[in-house]
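For reference, the chains in residue letters:
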Amino acid sequence: MTTLRVRSFRVWMALTVLAAGAALPAAAADKVTVGMIGSVGDVPIFISQDKGFFAKAGIEPVLEPLGTMTRMIAPLGSGQLDVGFGAISAGLYNAVAREITMRIVADKGRNAPGYGYNAILVRKDLVDSGAVKTLADLKGRKIATIGTGTIDASVLDQAMRSVNLTYDDITQTALTLPNHLVAHKNGAIDATLTPEPFATIITDSGLAVKLATVDQFYPNQQQAVTVYSGEFIAKRRDVAQRFMNAYLQGVRFYMGALKNGSLSGPGADEVIASIVKNSQTKDASLLKRFTPPVIDPNGRLSTESMETDWRFLKGKGLIQGNVMPKDLIDMSFADAAVKTLGPYKAPQ
């Protein structure tokens, strides 16, 4: 074969290979069904989606706003949900005690010092009259939380213990978040334990006063967590790992936007725009004033507070069996993600 023919043959082969490659369809992304609260606390998920972290990891999240972790437990146990984001509850421990396999795999939000995402709000008329000046004045009063059987009860216990009282010195009731404002208005309750941004919305209304934030009496309380279903871990471990990698990228971008107890650091405008785009909170000015949660950029959990909350719920008979926080936690995905992403470096 002449030199010219050899060159022509090689060119033809190269073009054939390129044409064949161009004809191949792109690999489909792996769908991951995600249960979420549907609030501003879901911002790392929004960021990971908007900035393409999930797409680059070959992940297509299918978001299911379910409101509470309690509603996610059954679908996590059956494998209908791969991932759940929400507050820890007695139901989570009880489900695992019934051999419904799921694991807490990363942080989702805590009340870190200076970032009290949850606050105890007191009716303004009680403050104006001088009837309630400190946490000690809540003795014998009715306090609403989002639900019962959750760690909110333990948070109230810690609030009362900070003034030498206990949970038994107050009355807890459950109200949905929109009804926290209504209850302050009609006097149905004396106080509420309310997360942001509802805490700021209610204080802006003039109906209530922020008496204390959780970080002031219970610093680094682990409020929300990331949960993987047992089926997701066992059958799609590679996908689960790629999801974690992308999720922590979103967490890190979000954490870079925090400064002085608010969303005012580098990238804050982008974070706020993502929240406005993806959540029901559309007021950007509110998001510049509210207190955001802290999420560990390496996914680490505040296990000490988890153990404190577990002991309280167990002592109240709300947790059946002997499943403890250590039995629920699996940090292998977060640890592997950190090895891939490298050490977190806060923006200067």
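What comes next concerns the included structure. (Residues numbered from 1 in each chain as written. Predicted model: local features only at pLDDT ≥ 70, side-chain atom pairs only at ≥ 80, totals over all residues. Heavy atoms only, no water.)

**Things to note about the overall build of the chain**
In plain terms, the rule: Only DSSP runs of H or I reaching four residues or more are called helices, and only runs of E reaching two or more are called strands; each is numbered from the N terminus. The buried label applies to any residue whose accessible area, calculated with a 1.4 Å probe on protein chains only, is under 20% of its type's maximum; exposed applies above 50%, and partly exposed to all values in between. Residue contacts are counted whenever heavy atoms from the two residues lie within 4.5 Å of one another. In this count, Lys and Arg are taken as positive residues and Asp and Glu as negative ones, while His and the chain termini are left out. Lysine's charge is taken at NZ, arginine's at CZ, aspartate's at CG and glutamate's at CD.
Helix and strand counts for the chain stand at 17 helices and 12 strands. Relative to its 348 residues, the chain shows a buried fraction of 51%. At a minimum sequence separation of 6, the contacts of the chain that also span at least 24 residues come to 79%. Treating the 37 positive side-chain charges of the chain as one cloud and the 31 negative ones as another, the clouds have centres 6 Å apart.

**Section: the packing of helix α12 (residues 237-256) against helix α17 (residues 332-341)**
What counts, and what does not: Note on method: axes are straight lines fitted to C-alpha atoms, helices fitted across the in-contact stretch only, with angles between N-to-C directions ranging 0 to 180 degrees. Left-handed describes a crossing whose near helix is turned anticlockwise from the far helix through less than a right angle; right-handed describes the clockwise counterpart. Residue polarity follows a fixed list, in which Ala, Val, Leu, Ile, Met, Phe, Trp, Tyr, Cys and Pro are nonpolar, Asp, Glu, Lys and Arg are charged, and the others, Gly among them, are polar.
The interhelical angle for the contact between α12 and α17, taken along N-to-C directions, is 65°, at an axis separation of 9 Å. As for the relative orientation of α12 and α17, their crossing is right-handed in sense. Only Ser332, Phe333, Ala334, Ala336, Ala337, Val338, Thr340 and Leu341 of α17 make contact with α12, whose side of the interface consists of Arg237, Ala240, Gln241, Met244, Asn245, Leu248, Gln249 and Arg252. Here the contact of α12 with α17 is built from residues that sort into nine nonpolar, five polar and two charged.

**Quick notes on unusual backbone geometry**
Cis peptide bonds are those with omega within 30 degrees of zero, and the linkage from glutamate 196 to proline 197 qualifies with 0°. Here proline 197 is to be found in the loop between β8 (191-195) and α9 (198-204). Phi angles above zero are rare outside glycine, and asparagine 220 is one such case at about 65°. Among the structural elements, asparagine 220 can be located in the loop between α10 (214-217) and β10 (221-229).

**Observations regarding the sheet that holds strand β6 (residues 142-145)**
Strand pairing in a sheet is mediated by backbone hydrogen bonds. Such pairs are either parallel or antiparallel. The condition that has to hold: A strand pair is defined by DSSP finding two or more bridges across the two strands.
Read across the sheet, five strands follow the order β7-β6-β8-β5-β9 without closing on themselves; strand pairing throughout is mixed. The two strands at the open ends of the sheet, each matched to only one other strand, are β7 (171-174) and β9 (208-213). Each adjacent strand pair in this sheet contributes to an overall mean axis angle of 30°, direction not counted. Bridging between β6 and β8 involves two bridges; their strand directions are parallel.

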